Amino acid sequence: MTANAEKPSRPGLKSGRTNEFTLFFNVKPGHGQQIREIFQQPGFEEKRKEMSTRIGTLHDARWVLFDDDTRLLFATNFDGDWDAYIDDFAAQIPDIFDTILQHTEDYPGIHDPNIKDLIVAHQETACSYFRTIPDATVKDLQKAVRVQEAFQRLLDEAG
């Protein structure tokens, strides 16, 4: 059996070790404001930072309501394998997806056995995808920041 036969092809472009990931959903009629309110809840930003840390491969994420709140975009950049990324969302931060996507049509819940098929059905591959430093993973970038901070402390102490 070939590698392609063992594992389904997944949408999305790759730049070095990073992948783009773009989903489009139809919002249930009248649910746009409910989605906006999720992001305005007190403590949401802190929760978002914690969730990103738990995933560990997520560079960035954005949610965009458009077309008069009838469509929802979810776009991220991540390191590594598509299937592992989706598995991490389901295992590490299932509540965020269920909380937001319950307001979209045909969303069965992150633990539905066919969730990966649903995601593929809503995913669009970018026409172009570029990373300035394509081989720098989230872990690489976090390490570089720690090294830079330690170096600056050393310089401050020496001065």
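Residues numbered from 1 in each chain as written. Predicted model: local features only at pLDDT ≥ 70, side-chain atom pairs only at ≥ 80, totals over all residues. Heavy atoms only, no water.

A. The arrangement of the environment of Leu 101 in detail. Along the polypeptide, Leu 101 turns up in helix 5 (residues 94-101). Setting aside its immediate chain neighbours within four residues, Leu 101 contacts Phe 25, Trp 63, Leu 72 and Tyr 107. (Helix = DSSP H or I, 4+ residues; strand = E, 2+ residues; numbered from the N terminus. Contact = heavy atoms within 4.5 Å.)

B. Focus on the environment of His 122. By secondary structure assignment, the location of His 122 is in helix 6 (residues 115-122). The class for His 122 is buried, based on a relative accessible area of 18%. Counting along the chain gives 100 residues from His 122 to Thr 22, while the straight-line C-alpha distance between them is 8.3 Å. Leave out the neighbours within four places in its chain, and His 122 touches Thr 22, Leu 23, Phe 24 and Phe 25. (Buried < 20%, exposed > 50% of the residue type's maximum accessible area, 1.4 Å probe, protein only.)

C. Just the sheet that holds strand 3 (residues 58-66), in detail. Strand order across the open sheet formed by four strands is 1-2-4-3, with antiparallel pairing between neighbours. Looking at which strands have only one partner, the edges of the open sheet turn out to be strand 1 (14-15) and strand 3. Where strand 3 lies against strand 4 (residues 71-79), eight bridges are found, and the strand directions are antiparallel. Counted as the bridge partner of Ala 61 is Thr 76 from strand 4. (Pairing = 2+ DSSP bridges.)

D. Fine view of helix 6. Listed as buried for helix 6 are Ile 115, Lys 116, Leu 118, Ile 119 and His 122. One face of helix 6 carries all of its buried residues, which in axial projection span an arc of 160°. Looking at helix 6, the residues exposed on the side facing more than 90 degrees away from the buried face are Asp 117 and Ala 121. Looking at the buried side of helix 6, the elements it contacts are strand 2 (18-26) and helix 4 (82-92). (Arc of directions from axis to C-beta.)

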